Amino acid sequence: MHLADDVAPGGLTRVGARPPLVAYLREVWARRQFVYSLAKFRIEAENQRSRIGMLWVVLQPVLEGAVYGTVFGILLAGSRPPNFVEFLIIGVFMFQFFSSTFGAGARSITSNIALLQSLSFPRLTLPLSLVVQRLLLFIPTMAIMVLLVLATGNAPHVNWLLMFPLIALFFCFNAGLTFITARLTVHFRDLKKLLPFITRLLFYTSGLFFSVEERFKDVPAVLRVADFQPIHEFLTLARGILLGGDAYQVKMEYWIYASAWSFGLLAIGIVFFWSAEERYGRAD
């Protein structure tokens, strides 16, 4: 007989114990205001460390797009995809949402040890608040992305409304991946050293500044692999929605693949993170 068994009839529970999954998710939902407030606080804290505040959120992807557009526009020369400027803008802005979440999300537990050791709350709220933070930062960025697409001569279309479900799927994808990397980083601290290389690999294989379909049109095996590369799917869908035309058609199968990636990773990430709930914040 353990002490925990003795006190259980009195309604007491062990501090830090892992509740059942359904009850755990209810606790996370009950703290949704905490998740949102924490995300907003982090944004305000980051803005206070910068002279131009939120303006930097917009300037960073714009400057990145300008640099990549200049460098790769010259290197690719005649092999640039149609509507290269818009093509690049969409790729850079969308990828930044993923890369910023992927990089910072892995540290969401290890960088909050003092908080974890002081308070009792569902640990999932920490990586979730970080994904919410990145989404809040992405919203003004997405508005600028749409304005830049308009500025290059593209007319708005009712299909542009499909960006909302696409971003919702992208959010779920990023959240699931963040839950997984947040736990893995607790067990394997050196993973933080590998994440920049993984991000760089995805950067060069997702077709940010070149058309995968055009570059590998004579290599069907590569195209088949690209069909199941999730970041490439999201970028392709975004370009198909905002640019349209014969050059950028929305691939319906990509909606299926992206949905499978998003909901699958989200479910796996939640269970994977929850299963180690009792280990977060331990001194060892």
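Up top is the structure.
Here's what I pulled together on the structure shown here. (Residues numbered from 1 in each chain as written. Predicted model: local features only at pLDDT ≥ 70, side-chain atom pairs only at ≥ 80, totals over all residues. Heavy atoms only, no water.)

### Structural notes on the overall build of the protein
As a reminder of what qualifies: Comment: elements are numbered from the N terminus, with helices defined as DSSP H or I runs of at least four residues and strands as E runs of at least two. Contact definition: two residues touch when any of their heavy atoms are within 4.5 Å. All accessible areas in this document rest on Shrake-Rupley with a 1.4 Å probe, and a residue is counted as covered only by the protein chains that are shown.
If you tally the helices and strands in the protein, you get 13 helices and zero strands. When the helices and strands of the protein are placed in sequence order, the string is α-α-α-α-α-α-α-α-α-α-α-α-α. Restricting to contacts in the protein with at least 6 residues of sequence separation, those with at least 24 account for 80%. Accessible surface computed for the protein: about 15,200 Å², of which carbon and sulfur atoms make up 65%.

### Regarding the packing of helix α5 (residues 84–105) against helix α9 (residues 191–205)
Put simply, the rule reads: Note on geometry: axes are C-alpha line fits, over the in-contact stretch for helices, and angles between N-to-C directions span 0 to 180 degrees. Any angle that is under 35 degrees is reported as roughly parallel, and any over 145 degrees as roughly antiparallel; angles of 65 to 115 degrees are reported as roughly perpendicular and all others as oblique. Two helices crossing with the near one rotated counterclockwise from the far one by less than a right angle form a left-handed crossing, whereas a clockwise rotation gives a right-handed crossing. Three residue categories are used. Nonpolar comprises Ala, Val, Leu, Ile, Met, Phe, Trp, Tyr, Cys and Pro, charged comprises Asp, Glu, Lys and Arg, and polar comprises the others, including Gly.
Where α5 meets α9, the closest approach of the two axes is 10 Å, and the angle between their N-to-C directions is 165°. Regarding the angle of α5 to α9, the classification is roughly antiparallel. Our pair here, α5 against α9, has a crossing hand that is right-handed. Taking contact as the criterion, the partners of Phe95, Phe98, Ser99 and Phe102 in α5 are, on α9, Leu195, Ile198, Thr199, Leu202 and Phe203. By residue class, the composition of the contact of α5 with α9 is seven nonpolar, two polar and no charged.

### Comments concerning the pattern of salt bridges
Quick note on the threshold: What counts as a salt bridge is simple: a side-chain nitrogen of Lys or Arg found within 4 Å of a carboxyl oxygen of Asp or Glu. Working definition: with a 1.4 Å probe on protein chains only, accessible area under 20% of the residue-type maximum means buried, over 50% means exposed, and in between means partly exposed.
If you walk through the whole model with that rule in mind, you get three salt bridges. Salt-bridge contacts for Arg224 lead to Asp227; the nearest nitrogen and oxygen are separated by 3.7 Å. Here the residue Arg224 and the residue Asp227 both occupy positions in helix α11 (residues 220–227), the gap between them amounting to three residues, near one helical turn. Accessibility expressed as a relative area gives 47% for Arg224, which makes it partly exposed.

### Points about the packing of aromatic side chains
Note the cut-off: Stacked, edge-to-face and tilted are the three classes for Phe, Tyr and Trp ring pairs, Trp counted by its six-membered ring, which pair at centre distances within 6.5 Å; planes under 30 degrees apart are stacked, over 60 edge-to-face, the rest tilted.
On inspection of all chains with the given rule, the structure shows 20 aromatic pairs. The interplanar angle of 15° and the centroid separation of 5.4 Å between the aromatic rings of Phe98 and Phe102 together place this pair among those described as stacked. Of this pair, Phe98 and Phe102 both sit in helix α5, four residues apart, which is roughly one turn of the helix. Pairing Phe203 with Phe209 gives two aromatic rings, centres 5.8 Å apart and planes at 50°, and the pair type is tilted.

### Notes on the packing of helix α7 (residues 125–151) against helix α8 (residues 163–187)
One can describe the packing of α7 onto α8 by two numbers: an axis separation of 10 Å at closest approach and a directional angle of 145°. The interaxial crossing formed by α7 with α8 has right-handed handedness. Contacts between α7 and α8 pair Pro127, Leu128, Val131, Val132, Leu135, Phe138, Met142 and Met145 from the former with Met163, Ile167, Phe171, Asn174, Ala175, Thr178, Phe179 and Ala182 from the latter. When its residues are assigned to classes, the contact of α7 with α8 shows 14 nonpolar, two polar and no charged.

### Some words on the side chain of Thr125
Test applied: Polar contact is defined as a pair of N or O atoms within 3.5 Å, subject to the rule that within protein one atom must be able to donate a hydrogen and the other to accept it, and that residues adjacent in sequence are counted only when both atoms are side-chain atoms.
For Thr125, the location among the structural elements is in helix α7. At 2.7 Å, the side chain of Thr125 and the backbone oxygen of Pro122 are in polar contact. Excluding residues that lie within four positions of it along the chain, Thr125 makes contacts with Val28, Arg31, Phe34 and Val35.

### Notes on the environment of Tyr36
Among the secondary structure elements, Tyr36 is positioned in helix α3 (residues 32–48). Of the residues examined, Tyr36 reaches a relative accessible area of 38% and is grouped as partly exposed. Between the C-alpha atom of Tyr36 and that of Ser129, which follows or precedes it by 93 residues, the distance is 6.3 Å. In contact with Tyr36, other than residues within four places in its own chain, are Val132 and Leu136.

### Digging into a nonpolar patch on the surface
Going by this rule: Patch construction takes residues with relative accessible area above 30% that form no salt bridge. Like charges are linked within 9 Å, and nonpolar side chains (Val, Leu, Ile, Met, Phe, Trp, Tyr) are linked within 5 Å.
On the surface, a cluster of nonpolar side chains totalling about 350 Å² of accessible area is made up of Val158, Leu161 and Phe164. Relative to the helices and strands, Phe164 resides in helix α8. By relative accessible area, Phe164 is classed as exposed at 59%.

### Points about the nonpolar core
This is how it is decided: Buried Ala, Val, Leu, Ile, Met, Phe, Trp, Tyr and Cys residues that are joined via side-chain atoms within 4.5 Å together make up what is termed a nonpolar core.
One finds Met94, Phe98, Met145, Met163 and Leu166 to be the most contacted residues of the largest nonpolar core, which totals 49 residues. Counting only elements with at least two residues in this core, the list comes to α5, α7, α8, α9, α12 (230–242) and α13 (252–274). Contacts of Met163, omitting those with residues within four sequence positions, involve Met94, Met142, Met145, Ala238, Ile241 and Leu242. Of all hydrophobic cores here, the second largest spans 23 residues; its members include Tyr24, Ala39, Leu128 and Phe179.

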